[in-house]
Amino acid sequence: MQELKLAIFDVAGTVIEDHGEVVSSLGDALAAHGMGVSSEELAEFKGGAKREVIRFFGWRKRHEPLSDAAVEAVYGDFVRLVNARYEEQLAPIAGAEEVFESLRKRGMQLALTSGFGQATVELVVRRLGWQEWFSAMVSSDEVAVGRPAPYLIFRAMERCRCRAVREVVNVGDTPLDLQSAANAGVGLNVGVLSGQFRRERLLSEPQDALLASVADLPTLLDRRE
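Quick look at the overall build of the protein now. Regarding its fold elements, the protein presents 10 helices and six strands. For 225 residues, the compact-globule estimate of 2.2 N^0.38 gives 17 Å, and the protein sits close to it at 17 Å. Over its C-alpha atoms, taken along the principal directions, the protein stretches across nearly 50 × 35 × 35 Å. The buried share of the protein, taken over its 225 residues, is 53%. Restricting to contacts in the protein with at least 6 residues of sequence separation, those with at least 24 account for 68%.

This brings us to the pairing of strand E4 (residues 168–172). Put simply, side chains in a regular strand alternate between the two faces of the sheet. Judged by how many residues are buried, E4 sits mostly within the fold: five of five residues are covered. With burial as the criterion, each face of E4 is covered, one bearing Val 168, Asn 170 and Gly 172 and the other bearing Val 169 and Val 171. Two elements, strand E1 (residues 6–9) and E4, share four bridges in a ladder whose sense is parallel. Pairing of Leu 6 across the sheet is with Val 168, part of E4.

By the criterion of burial, helix H8 (residues 175–184) is predominantly enclosed, with seven of the 10 residues buried. Looking at H8, one finds that the buried residues are Pro 175, Leu 176, Asp 177, Leu 178, Ser 180, Ala 181 and Ala 184. In this structure, the buried residues of H8 make contact with helix H7 (151–160), E4, strand E5 (188–192) and helix H9 (199–203).

To continue, consider the pattern of salt bridges. A full pass over the atoms with the stated rule returns 17 salt bridges. Between Arg 80 and Asp 77 there is a salt bridge whose closest N-O contact spans 3.7 Å. Of the two residues, Arg 80 and Asp 77 both sit in helix H4 (residues 68–88), three residues apart, roughly one turn of that helix. Relative accessible area serves as the criterion here: at 51%, Arg 80 is assigned to the exposed category.

Let us look at the sheet that holds strand E3 (residues 136–139). Taken in spatial order, the six strands of this open sheet run E3-E2-E1-E4-E5-E6, and their pairing is parallel. With partners counted over all chains shown, the strands left at the sheet margins are E3 and strand E6 (209–211), one partner each. When strand polarity is set aside, the average angle formed by the axes of neighbouring strands in this sheet is 20°. The pairing of E4 with E5 spans four bridges and is parallel. Within the sheet, the bridge partner assigned to Val 169 lies in E5 and is Leu 188.

At their nearest, the axes of H4 and helix H6 (residues 118–128) sit 10 Å apart, and the two run at 5° to each other. By the angle between their directions, the pair H4 and H6 is classed as roughly parallel. Touching Val 79, Val 82, Asn 83, Tyr 86, Glu 87 and Glu 88 of H4 are Thr 120, Leu 123, Val 124, Arg 126 and Arg 127, all from H6. Of the residues belonging to the contact of H4 with H6, the class tally is five nonpolar, two polar and four charged.

Given a rise of 1.5 Å per residue, 12 residues ought to cover 16 Å, and the 16 Å separating the end C-alpha atoms of helix H1 (residues 21–32) matches this to within 8%. What H1 keeps buried is the set Glu 21, Val 22, Val 23, Ser 25, Leu 26, Gly 27, Ala 29 and Leu 30.

In a soluble, globular protein the nonpolar side chains are often hidden away together inside. Counting 56 residues, the largest nonpolar core has Phe 9, Ile 16, Tyr 86 and Leu 217 as its most contacted members. When neighbours within four sequence positions are excluded, Phe 9 is seen to be in contact with Val 15, Phe 100, Leu 103, Leu 110, Ala 111, Leu 112, Thr 113, Phe 134, Val 171, Val 214 and Leu 217.

There is a patch of nonpolar side chains on the surface, built from Val 145, Tyr 151 and Phe 154 and spanning about 240 Å² of accessible area. For Val 145, the location among the structural elements is in the loop between E3 and H7. When its relative accessible area of 37% is taken as the criterion, Val 145 is described as partly exposed.

Along the polypeptide, Asn 189 turns up in strand E5. By relative accessible area, which is 4% here, Asn 189 ends up buried. A polar contact of 3.1 Å, which involves the side chain of Asn 189, links it to the backbone oxygen of Leu 178. A polar side-chain atom of Asn 189 sits 3.1 Å from the main-chain carbonyl oxygen of Pro 206. Setting aside residues up to four positions removed in sequence, Asn 189 forms contacts with Asn 170, Leu 178, Ala 181, Ala 182, Pro 206, Gln 207, Asp 208 and Ala 209.

Scoring rules and cut-offs
Residues numbered from 1 in each chain as written. Predicted model: local features only at pLDDT ≥ 70, side-chain atom pairs only at ≥ 80, totals over all residues. Heavy atoms only, no water. Helix = DSSP H or I, 4+ residues; strand = E, 2+ residues; numbered from the N terminus. Rg over C-alpha atoms; globule rule 2.2 N^0.38 Å. Buried < 20%, exposed > 50% of the residue type's maximum accessible area, 1.4 Å probe, protein only. Contact = heavy atoms within 4.5 Å. Pairing = 2+ DSSP bridges. Salt bridge = Lys/Arg side-chain N within 4 Å of Asp/Glu carboxyl O. Axes fitted to C-alpha atoms, helices over the stretch in contact; angles between N-to-C directions. Parallel < 35°, antiparallel > 145°, perpendicular 65-115°, else oblique. Nonpolar A, V, L, I, M, F, W, Y, C, P; charged D, E, K, R; others polar. Expected span 1.5 Å × (residues − 1). Core = buried A, V, L, I, M, F, W, Y, C linked by side-chain atoms within 4.5 Å. Patch = residues over 30% accessible without salt bridge, like charges linked within 9 Å, V, L, I, M, F, W, Y side chains within 5 Å. Areas by Shrake-Rupley, 256 points an atom, 1.4 Å probe, with all protein chains shown as cover. Polar contact = N/O pair within 3.5 Å; in protein donor to acceptor, adjacent residues only side chain to side chain.

Written out as C-alpha cells, the structure reads:
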C-alpha cells in the first residue's frame, strides 16, 4: 500500500464551519446584477471556481455569454460579501487543528485548495492563525479550470514537490471535491459530512470513505495502515 505523504483539504465545510456564507454571498452578488438564482441551484456548484459559476448562471439567465467585465463585477461583489461575513463569523471545524498536528507528526505535508480566490483563502488562514500548517494554499485564481478538474490538486502537489498522486489524500465536503479527487487519481479520496450535503448525495459520487468530519481522518489513516 502506497504511503500517504500529502493531505489536501478543501476549506469551507471541510476545515471551517459552513453556515451558508458562500451560497448566500454568491446569490446576493448575482441578484445585485439582475440574475436571481436560488440557493438550491447554487448548492450543487459549491466547491467550484466562482468565476466559472458566475459565467454558467449568466448564460442560463441571460441566454448569452457574460462579458469579462460583467463577470468581474459580480465576482468582486461576491468576494466583498463573503469576506465581510468571514470577518464577522469564522470558526474551524471541531478537531481540525488537532488533525493538522497529528498529520504533521506522521511526517505528512498539508495543503489547502479552494474554489475561493486567493484573498479569501488568505483571510481565513490569517484570522485562524493557521499560517504554520500549510506547505501550499491553492485558489481557483491559480488554475485554468476549477473543480471537477484535478488541477487544484496537481498545483498543490507541485508546490509540495509530491511526485505521485497515490501519495495524496484529498478531503472535501462537496460532490465537486470528490469528483476532482477521482479525476486526479489520488491515493485516498475522502468525503466529510460537515458541509451542506447529506450522506446519500456524497455516496453517489466516487469516494473511498465518508467521515462525519475531518476530525475522524487520523482514525481512518490508522485503520488503513
